[in-house]
Amino acid sequence: MQTVSTTPSHALYQAHLKTLQERYERAMYHFGLEAIVLASGAKSYYFQDDHTFPYHAYSGAQQWLPFSLGAETYIILRAGKKPTLIWPVRDDFWHAPNPVPAGEWSQEWLIVCARQDDKVFSQLSQDTAWLGPQPQDFAKPCEGLKAFIDYDKAIKTDFEIAAIKQANERAVLGHLAAKQAFLEGASELDIHLAYLQASRQTADQEPYPGIVGLDQHAAVLHYEHKSPQSNPQSRTLLIDAGASQHGYASDVTRTFTRYADEFSALVESMDALEQQIANQAQAGVDYPDLHQQTLIAIAECLKNHGICQLSVEEQLAKKIPQVFFPHGVGHLLGLQVHDVGGFQQDRAGNTRKVEQAPFLRLTRSLEENMVVTIEPGLYFIPMLLEKMQDDIKDHGCDLEKIKRLLPYGGIRIEDNVVVKKELALNLTREAFLQASAH
Ligand code: GLY
Ligand code: MN
Ligand code: MN
């Protein structure tokens, strides 16, 4: 059985911590702080229930540790000092014990095991700021600190890139199993279960709820259901599902087809289009330009496949590509699937929105070691097609052909790419190649 890469080395983790320490020390100096506390957050309960929501630690705290961080765990940072980890001790026989994970990582930390009412923060000065949920009175509000820190999160360390690479390898094992289940006629539910099993995770551990849409459901951008209805004749599977490696996400979409026909030809074109855009995700490129390039490429694709007979220029003027591709070309990826800081232009928190692309979540110029998704799509969404017929005069679209394509739903292909100088390192394609070599 194929396995994923081994855990990143201790040297990578040490270099990662050094970078984080530098970033936070710069922030402490900038805001005149003596300390910053990062809080992982507490579990929260469903209304009138004794069950909790699936728990995800605050990403700012998770970033510091090489394993999934639990609730009510704190990190205290002071300039020039080893970071302190406040580890919760619970006198509780209802849950499994919560030992501090063993490993070399702990050499870099001062670890304090504490009970809930221990006064772990009593020694901290008034010049302490708090980041994360449930701020405490002793910590002063520090306006601008979050934006200052979030801006740098876009640039990943080698440790973070290694984690996202592993998360891709796990996701790809799931996608291959999902494709197999689809070809065997499985239901959305069974395809999702096959995905989870092959990518070794529970649904709660997925970085976002996996989207598994057969046929028309592939046209629902955030399709949430998992129908138990199997269908040996299903035409399309759109699966958008990732995996999490100690908090770092992969975010991968593939569209698989059963038949070789006019829709599968469209999928092939979209696959080539996606790779061509992904290859351009290099340092110095303005990400909104990639979105614009994608709209142009979609217009060419619509014309080449006889879906719209208008020229590319006419299509762009009438916003035809947006009828079929109504979302952004991608986003930053990291501890959060839609990672923080995508609109920020600087540490001061100034943001940029692109009016023509309101759904685009990344408006920065690409820098080395950013990790982004590239996820063009082409969907047959009845609501948007009806609106086009109502609003756009002389749309030039072949409505008969579109009617034939409606039952296939749509296409999205999504890869995760590390931005390099004059290179776009495609972690997802690499993982598929690696998996097919076994
Ligand atoms: N899976 C959510 C996204 O692709 O952005
Ligand atoms: Mn996705
Ligand atoms: Mn995405």
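What you see is a predicted model; the values in this text were computed from it and never measured. (Residues numbered from 1 in each chain as written. Chains lettered and ligands numbered in written order. Predicted model: local features only at pLDDT ≥ 70, side-chain atom pairs only at ≥ 80, totals over all residues. Heavy atoms only, no water.)

K.L.:
I'd love a proper account of the coordination of the manganese ion (ligand 3), names of residues and values included.
P.N.:
Coordination of the manganese ion (ligand 3) by the protein involves Asp-251 (OD), His-331 (NE2), Glu-375 (OE) and Glu-414 (OE), with metal-donor separations of 2.0 to 2.2 Å. Relative to the metal, the six donor atoms surrounding the manganese ion (ligand 3) lie at angles of 51 to 158 degrees, and the coordination shape comes out irregular. A separation of 3.4 Å is found between the manganese ion (ligand 3) and the manganese ion (ligand 2), which share Asp-251 as a coordinating residue. Placement of Asp-251 in the loop between strand E9 (248–249) and strand E10 (252–257) and of Glu-414 in the loop between strand E13 (410–412) and strand E14 (415–420) is noted, with a sequence separation of 163 residues between them. Its relative accessible area of 0% is what places Glu-414 among the buried residues. (Donors = N, O, S within 2.8 Å, 3.2 Å for Na, K, Ca; no water. Tetrahedral: all angles 85-135°; square planar, octahedral: opposite > 155°, others 65-115°. Helix = DSSP H or I, 4+ residues; strand = E, 2+ residues; numbered from the N terminus. Buried < 20%, exposed > 50% of the residue type's maximum accessible area, 1.4 Å probe, protein only.)

K.L.:
Provide a residue-level description of the coordination of the manganese ion (ligand 2), including the pertinent values.
P.N.:
Protein-derived coordination of the manganese ion (ligand 2) comes from Asp-240 (OD), Asp-240 (OD), Asp-251 (OD) and Glu-414 (OE), at a distance range of 2.0 to 2.4 Å. Taken together, the six donor atoms coordinating the manganese ion (ligand 2) and their angles of 56 to 170 degrees define a geometry best described as irregular. The sequence pattern describing where the donors of the manganese ion (ligand 2) fall on their chain is D-x10-D-x162-E. Asp-240 sits in the buried class, given a relative accessible area of 6%.

K.L.:
Which residues make up the sheet that holds strand E3 (residues 84–88), and what are the values?
P.N.:
Reading across the sheet, the five strands line up as E4-E3-E2-E1-E5 and stay open at both edges, with mixed pairing between neighbours. Of all strands in the sheet, those with a lone pairing partner are strand E4 (110–114) and strand E5 (128–131), marking the two edges. Between one strand and the next, the sheet's axes are offset by a mean angle of 20 degrees, whatever the strand orientation. Bridge count between strand E1 (residues 35–39) and strand E2 (residues 74–78): five bridges; the pairing is antiparallel. Paired with Ala-35 across the two strands is Arg-78, which belongs to E2. (Pairing = 2+ DSSP bridges. Axes fitted to C-alpha atoms, helices over the stretch in contact; angles between N-to-C directions.)

K.L.:
Break down the site of ligand 1 for me, with residues and values.
P.N.:
Close contacts around ligand 1 come from Tyr-208, Asp-240, Asp-251, His-331, His-338, Glu-375 and Glu-414, and that covers them all. Between Asp-251 and ligand 1, the recorded distance is 3.1 Å, taken from a side-chain N or O atom to a nitrogen atom. A distance of 3.1 Å is found between an oxygen atom of ligand 1 and a side-chain nitrogen or oxygen belonging to His-331. Summarising the interface, the protein chains cover 88% of the accessible area of ligand 1, which totals 200 Å² for the free molecule. Of the residues in the shell around ligand 1, the class split is one nonpolar, two polar and four charged. (Near = heavy atom within 4 Å. Polar contact = N/O pair within 3.5 Å; in protein donor to acceptor, adjacent residues only side chain to side chain. Areas by Shrake-Rupley, 256 points an atom, 1.4 Å probe, with all protein chains shown as cover. Nonpolar A, V, L, I, M, F, W, Y, C, P; charged D, E, K, R; others polar.)

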